[in-house]
Amino acid sequence: YSSISVTWNALANKLSEFQALLNARSFAEKSKIHSLILQSLDELGNFYESVNDYEKAKDYYTICENEVQEWHERAYVFTSLRPLGRTHIHQKNEKLCIFYYDKASRCGDSLGIGNLKLQIYIDLLNYYFNTSDPVKGIAYMDQHPALMEFIRKFGVEYQVNKLYAVVESAKKDR
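We now turn to the structure provided with this report. (Residues numbered from 1 in each chain as written. Predicted model: local features only at pLDDT ≥ 70, side-chain atom pairs only at ≥ 80, totals over all residues. Heavy atoms only, no water.)

### Some remarks on the layout of surface pockets
Which entries qualify depends on this criterion: Points on a 1 Å grid, built from protein atoms alone, make a cavity when a 1.4 Å probe fits but cannot get out and make a pocket when they are open with protein on both sides within 12 Å along at least 5 of 7 lines; residues with an atom within 4 Å of a point are the lining residues. Grid points are joined across faces, edges and corners, and a volume is the space filled by probe spheres set on the points. Strands are runs of DSSP state E lasting at least two residues, helices are runs of H or I lasting at least four, and both sets are numbered from the N terminus onward. Note that Gly is not counted as nonpolar here; it falls among the polar residues with everything else outside the nonpolar set of Ala, Val, Leu, Ile, Met, Phe, Trp, Tyr, Cys and Pro and the charged set of Asp, Glu, Lys and Arg.
Size it by volume and the largest pocket reaches roughly 270 Å³. Lining of the largest pocket is provided by 16 residues; of these, Leu125, Asn126, Gln159, Val160 and Leu163 occupy positions nearest its centre. Those elements giving two or more residues to the lining of the largest pocket turn out to be α7 (114-131) and α10 (157-173). A total of 7 residues in the lining of the largest pocket trace back to one element, the largest contributor, which is α7. Classifying every residue of the lining of the largest pocket gives 12 nonpolar, 3 polar and 1 charged.

### So, a nonpolar patch on the surface
How we decide: Two distance rules govern patches: like charges are joined within 9 Å, and nonpolar side chains (Val, Leu, Ile, Met, Phe, Trp, Tyr) within 5 Å, applied only to residues with over 30% relative accessible area and no salt bridge. Note that accessible areas follow from Shrake-Rupley with a 1.4 Å probe, and for residues the cover is restricted to the protein chains shown. By convention in these notes, a salt bridge is any Lys or Arg side-chain nitrogen within 4 Å of a carboxyl oxygen on Asp or Glu. Only protein chains enter the accessibility calculation, which uses a 1.4 Å probe; a residue is then buried when its area is under 20% of its type maximum, exposed when over 50%, and partly exposed in between.
Side chains of Tyr1, Ile4 and Phe27 sit close together on the surface and give an oily, nonpolar patch of about 320 Å² of accessible area. Checked against the element boundaries, Ile4 lands in helix α1 (residues 2-10). When its relative accessible area of 42% is taken as the criterion, Ile4 is described as partly exposed.

### Points about the pattern of salt bridges
For the structure on display, the rule yields 9 salt bridges. Where Glu65 meets Lys103, a salt bridge forms, and the shortest distance between an N and an O atom there is 3.1 Å. Here Lys103 lies in helix α6 (residues 94-111) and Glu65 lies in helix α4 (residues 54-71), a separation of 38 residues in the sequence. In this structure, Arg82 and Asp123 form a salt bridge, with 2.7 Å as the shortest nitrogen-oxygen distance. Linking Arg82 in helix α5 (residues 77-90) with Asp123 in helix α7, this pair joins segments that are 41 residues apart in sequence. Note on Asp123: relative accessible area 13%, which makes it buried.

### Focus: the nonpolar core
What counts is decided by this rule: What we call a nonpolar core is a set of buried Ala, Val, Leu, Ile, Met, Phe, Trp, Tyr and Cys residues that are connected through their side-chain atoms within 4.5 Å. Whether two residues touch is decided by their heavy atoms; if any such pair falls within 4.5 Å, the residues are in contact.
Ranked by size, the top nonpolar core spans 43 residues in total, and within it Leu124, Met141 and Leu147 carry the most contacts. Ignoring anything within four residues of it in the chain, the contact list for Leu124 reads Cys97, Ile98, Tyr101 and Tyr140.

### Some words on the packing of helix α2 (residues 14-31) against helix α3 (residues 34-50)
Each pair of packed helices gets described by two things: the angle between the helix axes and the distance between those axes. Note the cut-off: Fitted lines through C-alpha atoms give the axes, limited to the stretch in contact for helices. The angle between two N-to-C directions lies from 0 to 180 degrees. Note that the term roughly parallel is reserved for angles under 35 degrees, roughly antiparallel for angles over 145, roughly perpendicular for angles of 65 to 115, and oblique for everything else. What makes a crossing left-handed is the near helix being turned counterclockwise from the far one by less than a right angle; a clockwise turn instead makes it right-handed.
Where α2 contacts α3, the two axes come as close as 8 Å, and the packing angle between them is 160°. Comparing their axes, α3 and α2 come out roughly antiparallel. Taken as a pair, α2 and α3 cross one another with a handedness that is left-handed. Contact with α2, carried on its side by Lys14, Glu17, Phe18, Leu21, Leu22, Ala24, Arg25, Phe27, Ala28, Glu29 and Ser31, involves Leu36, Ile37, Ser40, Leu41, Glu43, Leu44, Phe47, Tyr48 and Ser50 of α3 and no other residues of that element. Looking at the contact of α2 with α3 residue by residue, the class counts come to 12 nonpolar, 3 polar and 5 charged.

### A word on unusual backbone geometry
Glycine aside, residues mostly have negative phi, and peptide bonds are mostly found in the trans state. With a phi close to 60°, Ala12 is a non-glycine residue in the positive phi region. By secondary structure assignment, the location of Ala12 is in the loop between α1 and α2. In this structure Ala12 comes out as exposed when scored by relative accessible area, which is 64%. In this model, Asn52 sits at a positive phi of 65°, which is unusual for a non-glycine residue. Residue placement: Asn52 occurs in the loop between α3 and α4. Residue class for Asn52 comes out exposed when judged on its relative accessible area of 53%.

### Some thoughts on α4
To keep things clear, this is the line we draw: Any helix carries an expected span of 1.5 Å times its number of residues minus one. To obtain the arc, one takes the directions from the helix axis to the C-beta atoms.
The terminal C-alpha atoms of α4 lie 25 Å apart, and with 18 residues this matches the ideal 26 Å at 1.5 Å per residue to within 8%. Of the residues making up α4, those classed as buried are Tyr54, Ala57, Lys58, Tyr60, Tyr61, Cys64, Glu65, Val68 and Trp71. In an axial view of α4, the angular spread of the buried residues amounts to 165°, which keeps them on one side of the axis. Where the residues of α4 are buried, they touch α3, α5 and α6. His72 sits one or two positions beyond α4 and adopts a positive phi of about 60°.

See the structure below:
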């Protein structure tokens, strides 16, 4: 059902996509397989996020987070926290966005999966540099020295250097 929903999404048929996601959720519930249930919750959250219904998306991500805690499915904690941060970005609630991203970052550390943290850093930097305030983005990077080290490790430091140049150039134009 999940794969079918992807096909409907590609065909821009939201109604059929939603129906397939509901079928996936129903199947997951009947199976009682925790990973399928969590996947279906995440997919429904993603669907609602894609149609800009952020409150409904947060509902599904929160249910997923609660189930993860109850079932002790540590690998899925990140999967529920990062989208909660992302929905708060869409709603321009920086405080909650940072709260959930920090929580997701700690989760990535506890799991020992470095590229999870990179996803969060990229989300936050995109938020600051594209939506919010680039000066805040630079301040965020300055407050998190491990961020630049992490970015260097993944070989994308040049992108950050371009952002610094743009911000400095904008300051001189004022």
